[in-house]
Amino acid sequence: MAKRFNIRMAGVGGQGVVTGSHILSTAVIHAGGESTIVPFYGSEKRMAPVESYVRVSDEPIYEIGEITFPHIIIIFHPQVITHGKSYTMPFYFGLKEDGIALINNDGPMNLHKDQARELEERRAKLYYFPATKISLEVAGMDLATNMALMGCIGAITGLTSVEALEQAVKDRFLGKGFVVSGGTAALDSVVERKFKKKQELIDKNVAVIQAGWNYAVDHGWAAPSVKRSEAPATVGA
Amino acid sequence: MSETEVKANPQSEPSTSVAAPKVESRRDPHADAKKQRIVTPEYMFQEAPRTKEFITGSEAAKEAIRRSNVDLAIAYPITPQSETMQLVGVLYGEGYVKEYYRGEEEVGVMAAIAGGSRAGVRCFTATAGPGTLRGLEGIASWPGHRLPAVAMFTCRVVNAPLAIQPDNIEVAYLLNCGMIVFHAENQQDMFDFLMAGFIISEKNDVTLPVGVCCDGFFVTHARGYVRMQDRAIKLPPRDAWRGAVPVLDAENPPARLSRDAPVQKSNFMAYNIHAVWQQEVWAAVERSRKYINQYMGGMLTAENVDDAEAVIIASGSAAAQSREAVRICKEKGIKIGLIKIRSLRPFPTEELRKLCGKAKLIVVPEFNYVGWLAKEVATAIYGYSHAKIIGGPRVYGGQSMPVELIVDEVESGLTGKKSTNVPMSSILGGAVNQDDVAHFMRSI
């Protein structure tokens, strides 16, 4: 049977939800799989809701459009749940039975009792993952939150590798071929100036990806074949 | 580091970069186009080696036009639109298209396409959504004037309130014009159907316009794999002097046509001439079948239909969604087949009658409210199949169709469970309870 995950990512403007989905998608393709993405957002501004839909598989993907019934949902920001900053309400709407909710938060959240019950009824696996905390610890900034989440989900799906994710990050910051919006291009410039050198930027992002990956393995969330990533980031631009 | 370099997009993406273009040596911008070699349609479609690229549907359309020896392309940038005509403008700059301009609006564009085609040149235009309907007066007159041309229709909703995502209600309006209508599932179909369209359109016993429809945005704005022939080869030019209808020139002036126009005389002969004319248009649609089979490999594709208890029949993006539904159904152990309709006009009636004889259930998912494909299917197989036909699920107004909705219809259709998504009036054939349908009809 084909390995197939339809992933709905929900976050807020500025977190790199769309960028993260591009990187995961590219990394799965680098690892020999198939992937498509559909971004979905309104006005481009910080803290406004953003969704992105990523399909990953080891077989061809024909389906198009938004994902209504995901296997996995990734919540980039607790406000998606607490403030309803999402195009999809409640945040787990349409989550398939035995699906996974990967939530960026330092420890379990106090969900409304109805929501907790509905999640339990569909046997959802709730993975609380401190992505922002890991980003701050490893890279000294919160902007790599999306990278931590992509490392984590890469291990959970087992359809890519840290090396392929690293290659995707390089493609994103050094390569060509991505069509980005003006807002994202401006943000890229800010991030670049902050780090002075792209190399440093890539190294830190890859280190965060690796930390996210290993967090998933250590907590038993990863796909059966997935191992810890021990090798230091071997980036050479 | 210079100022321009600092401002440049870090990815060096040309569309967002502000870096000044590099000045190249004076090279003829038409050099590559001039070197293009003409090959036969048979070689182009069946033998020429292809390489795979990951491009948008609009780019696929551009690449099809590059290889199609197009003389005249006319654009109007309606919103919503696809990038297609803008990219064809780039081809004009490179010399692959001989003439190109922007019309004042779609009425003018479609009229000018008629003029170009009547003058004997190969014409192309693309429009979308409301632009299609604005141009429809002209489009509906093309078949009667026996004008070979290819038009790309990006379906993006035409009914109020405005939306820009795909809803292929437009196709319903195009089906009865007398033109040939194809429906592309993906970027590859868009590439193949456009190129084959020119050749089929210009066959002497066809001499009709071809419309290539796709569900906009999902196809035009998204990327997919497209296998393409080398860009150094192109189709033969239109050979209008051998055409079934004389081209307009000084010896065949336009005045001749209007002087003899039958509609201006209200008498028996006038009606008769018009009637015969229409019959001949639809007879030409029928005659195009053999060319569609020859150049496109069939009016439909069928997968696993022979021993299937349920068959999904779909066209356009609904076919893409159905492929995934088939995968899920197979995992659940359901014997299921998929028929993708490529050509809506002519419609593959005979083919469907043969394929659907044994099926117990037919599900027709669509990206529009009215269900034009379900009606076509039901009409085609009436009396030839005992299958229960579920005209749905349907999404409209730009929604994506969840694959799970199609799977639900297959499962409920096979078990007899009542559908939650498809009204009883859209369930046809088979052992349908007429009382259920009557109730629905009374309540509307």
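Nothing here was measured: the structure is a model prediction, and the numbers come from that model.

1. Let's talk about the overall build of chain A
Right, so step 1: Helix and strand content of chain A: 8 helices and 6 strands.
Right, so step 2: Start at the N end of chain A and walk to the C end: the helices and strands fall as β-α-β-β-β-α-β-α-β-α-α-α-α-α.
Right, so step 3: Relative to the 2.2 N^0.38 estimate, which gives 18 Å for 237 residues, the radius of gyration of chain A is 16 Å and therefore close to what a compact globule would have.
Right, so step 4: Projected onto the principal axes, the alpha-carbon positions of chain A cover approximately 50 × 40 × 35 Å.
Right, so step 5: Per-residue burial over chain A gives 50% buried out of 237 residues.
Right, so step 6: A separation threshold of at least 6 residues defines the contact pool for chain A, and within that pool the share at least 24 residues apart is 76%.

2. Concerning the sheet that holds strand β14 (residues 343-345) of chain B
The strands making up a sheet associate through hydrogen bonds between their backbones, and the pairing can be parallel or antiparallel.
Residue and element names in this part refer to chain B.
Right, so step 1: One open sheet holds the 7 strands; their spatial order is β4-β3-β5-β6-β8-β7-β14, and the pairing between them is mixed. Strands at the two margins of the open sheet, each flanked by one partner only, are β4 (99-102) and β14. Direction aside, neighbouring strands of the sheet carry axes that sit 20 degrees apart on average.
Right, so step 2: By the bridge criterion, 2 bridges tie strand β7 (residues 180-184) to β14 in an arrangement that is antiparallel. Across the sheet, Phe182 pairs through a bridge with Ser343, a residue of β14.
Right, so step 3: Helix α10 (residues 187-201) rests against β6 (149-155), β7 and β8 (209-215) of the sheet, and its axis sits at about 170 degrees to β8.

3. What to know about the domain arrangement of chain B
Residues and elements named next belong to chain B.
Right, so step 1: Here chain B is described as being made up of domain 1 (26-242) and domain 2 (300-442).
Right, so step 2: Between domain 1 and domain 2, the C-alpha centre-to-centre distance is 30 Å.
Right, so step 3: Tallying the contact residues gives 23 residues for domain 1 and 19 residues for domain 2.
Right, so step 4: Those elements giving two or more residues to the side of domain 1 that touches domain 2 turn out to be α9 (170-174), β7 and β8.

4. Some points on the environment of B:Glu251
All names here are of chain B.
Right, so step 1: Position of Glu251 among the secondary structure elements: in the loop between β10 (233-234) and α11 (254-259).
Right, so step 2: What makes Glu251 exposed here is the crowd of 8 C-beta atoms within 10 Å.
Right, so step 3: Each C-alpha atom of the pair Glu251 and Val403 lies 58 Å from the other, and the pair is 152 residues apart in sequence.

5. Description of the sheet that holds strand β4 (residues 72-75) of chain A
All names here are of chain A.
Right, so step 1: One open sheet holds the 6 strands; their spatial order is β2-β3-β1-β4-β5-β6, and the pairing between them is mixed. For this open sheet the edge positions go to β2 (34-41) and β6 (125-129), each flanked by a neighbour on one side alone. Between one strand axis and the next, the sheet turns through 15 degrees on average, direction left out of account.
Right, so step 2: For β2 and strand β3 (residues 49-57), the ladder comprises 8 bridges, and the chain directions are antiparallel. For Ile37, the partnering residue across the bridge sits in β3 and is Val54.
Right, so step 3: Relative to the sheet, helix α5 (residues 145-157) contacts β1 (4-12), β3, β4, β5 (100-104) and β6, its axis offset from that of β5 by approximately 155 degrees.

6. Examining the pairing of strand β5 (residues 123-128) of chain B
Across a regular strand the side chains alternate sides, sitting on one face of the sheet and then on the other.
Residue and element names in this part refer to chain B.
Right, so step 1: Where burial is concerned, most of β5 is hidden: 6 out of the 6 residues are buried.
Right, so step 2: By the alternation rule, side chains of β5 split into Cys123, Thr125 and Thr127 and Phe124, Ala126 and Ala128, which are all buried.
Right, so step 3: Here strand β3 (residues 72-75) pairs with β5 via 2 bridges, running parallel. Each bridged residue has a counterpart across the sheet, and for Leu72 the counterpart in β5 is Cys123.
Right, so step 4: Relative to β6, β5 runs parallel, the two sharing 5 bridges. Paired with Ala126 across the bridge in β6 is Met152.

7. Digging into the environment of B:Ile273
Residues and elements named next belong to chain B.
Right, so step 1: By secondary structure assignment, the location of Ile273 is in helix α12 (residues 268-287).
Right, so step 2: According to the C-beta neighbour criterion, Ile273 is partly exposed, with 15 such atoms within 10 Å.
Right, so step 3: Taking the C-alpha atoms as reference points, Ile273 and Phe198, separated by 75 residues in sequence, lie 28 Å from one another.

8. Let's talk about the pairing of β6(B)
Residue and element names in this part refer to chain B.
Right, so step 1: Within β6, 7 of the 7 residues are buried, which leaves the element mostly enclosed by the surrounding structure.
Right, so step 2: Judged by which residues are buried, β6 turns out to be covered on both faces: Ala149, Ala151, Phe153 and Cys155 on one side and Val150, Met152 and Thr154 on the other are all buried.
Right, so step 3: Note: β6 against β8, 7 bridges, orientation parallel. Paired with Val150 across the bridge in β8 is Val210.

Criteria and thresholds
Residues numbered from 1 in each chain as written. Chains lettered and ligands numbered in written order. Predicted model: local features only at pLDDT ≥ 70, side-chain atom pairs only at ≥ 80, totals over all residues. Helix = DSSP H or I, 4+ residues; strand = E, 2+ residues; numbered from the N terminus. Rg over C-alpha atoms; globule rule 2.2 N^0.38 Å. Buried ≥ 20, exposed ≤ 12 C-beta atoms within 10 Å, placed from the backbone. Contact = placed C-beta atoms within 7 Å. Pairing = 2+ DSSP bridges. Axes fitted to C-alpha atoms, helices over the stretch in contact; angles between N-to-C directions. Domains from an automatic or database assignment.

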